[in-house]
Amino acid sequence: MKVLQLNHIALHVADVDTSVAFYRDVLQLEPLPRPAFDFPGAWFRLGIDQELHLIGNRDSAVHSASRGNHLALKVDDLDAWESHLQRLGARYNPRQVRPDGGLQVFLPDPDGHWIELLGTSDGA
């Protein structure tokens with residue numbers, strides 16, 4: 001008996017359309033078909049076979065921070081991602097370098113969920 005892998009992350013959002021625009025346009029995630037649940041939401045592909053599920057009608061506070069609850073996404077080219085965020089005028093924190101050499105850029109989604117874009121100093 002063992003856990004095979006992470007299947008999906010679910011985030012509770014106040015406005016699904018606003019969040020869809022952010023995750024599709026800013027984070028460049030691919031929208032996925034979603035079953036006909038009786039509540040609003042949207043699904044996106046994360047990497048090869050993992051997913052992000054947005055669940056609508058959030059009416060409670062979000063507790064997220066770069067050193068607290070956050071979602072980390074490994075990216076291919078952090079320089080290109082920073083240029084993309086600058087072109088869009090997206091809010092993000094300046095690049096940081098972890099003690100192990102990992103490169104981090106943090107940005108909030110429309111609800112205040114913090115997202116880490118993780119790159120490496122060797123580009124991998």
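Check the entry above for the structure.
Residue numbering note: each chain is counted from 1, following its sequence as written. The model is predicted, so local features are restricted to residues of pLDDT at least 70 and side-chain atom pairs to those at 80 or more, both for listing and for counting; the totals for chains, interfaces and linings are taken over all residues. Hydrogen atoms and water are omitted, and side-chain values are computed over all heavy atoms in the structure.

Undergrad: Explain the sheet that holds strand 2 (residues 30-32) to me, and be specific about the residues and the numbers.
TA: By this definition, two strands are paired if DSSP reports at least two bridges between them. Only DSSP runs of H or I with at least four residues qualify as helices, and only runs of E with at least two residues qualify as strands; both kinds are numbered from the N terminus onward. Spatial ordering of the open sheet is given by 1-4-3-2, a layout of four strands whose pairing is mixed. Taken across any chain shown, the strands that pair with only one partner, and hence form the sheet edges, are strand 1 (8-12) and strand 2. Across this sheet, the average inter-strand angle for adjacent strands is 30 degrees, counted without regard to direction. Bridge count between strand 1 and strand 4 (residues 50-55): five bridges; the pairing is parallel. Paired with His 8 across the strands is Glu 51, a residue of strand 4. Every axis corresponds to a line fitted to the C-alpha atoms, with the helix fit spanning only the stretch in contact, and the corresponding angles, defined between N-to-C directions, vary from 0 to 180 degrees.

Undergrad: Got a sec to walk through the pairing of strand 7 (residues 102-108)? Specific residues and values, please.
TA: Most of strand 7 is tucked away, with seven of its seven residues classed as buried. Burial status follows relative accessibility: with a 1.4 Å probe on protein chains alone, a residue under 20% of its type maximum counts as buried, one over 50% as exposed, and anything between as partly exposed. Of the two faces of strand 7, both are covered, the one formed by Gly 102, Gln 104, Phe 106 and Pro 108 as well as the one formed by Leu 103, Val 105 and Leu 107. As paired strands, strand 6 (residues 96-97) and strand 7 are joined by two bridges and run antiparallel to one another. Each residue of the ladder has a partner; that of Val 97, found in strand 7, is Leu 103. Between strand 6 and strand 7, which pair antiparallel and follow one another directly, the connecting turn spans four residues, one of which, Gly 101, has a positive phi of 95 degrees. Pairing of strand 7 with strand 8 (residues 114-120) involves seven bridges; the strand directions are antiparallel. In the strand pairing of strand 8, Phe 106 is matched with Glu 116. Hairpin connection from strand 7 to strand 8: five residues lie between these consecutive antiparallel strands, with Gly 112 at a positive phi of about 95 degrees.

Undergrad: Can you tell me about helix 1 (residues 16-26), naming the residues and giving the values?
TA: Every buried residue of helix 1 is listed here: Val 16, Ser 19, Val 20, Phe 22, Tyr 23 and Val 26. In what follows, residue pairs with any heavy atoms lying within 4.5 Å of each other are defined as contacts. Of the surrounding elements, those touching the buried residues of helix 1 are strand 1, strand 3 (41-46), strand 4, helix 2 (78-88), strand 7 and strand 8. One side-chain oxygen at the N-terminal end of helix 1 lies 3.2 Å from the backbone nitrogen of Asp 17; it belongs to Asp 15. Of the residues flanking the end of helix 1, it is Gln 28, one or two places downstream, whose phi is positive at about 60 degrees. Here a polar contact means two N or O atoms within 3.5 Å. Within protein one must be a hydrogen donor candidate and the other an acceptor candidate, and residues neighboring in sequence count only if both atoms are side-chain atoms.

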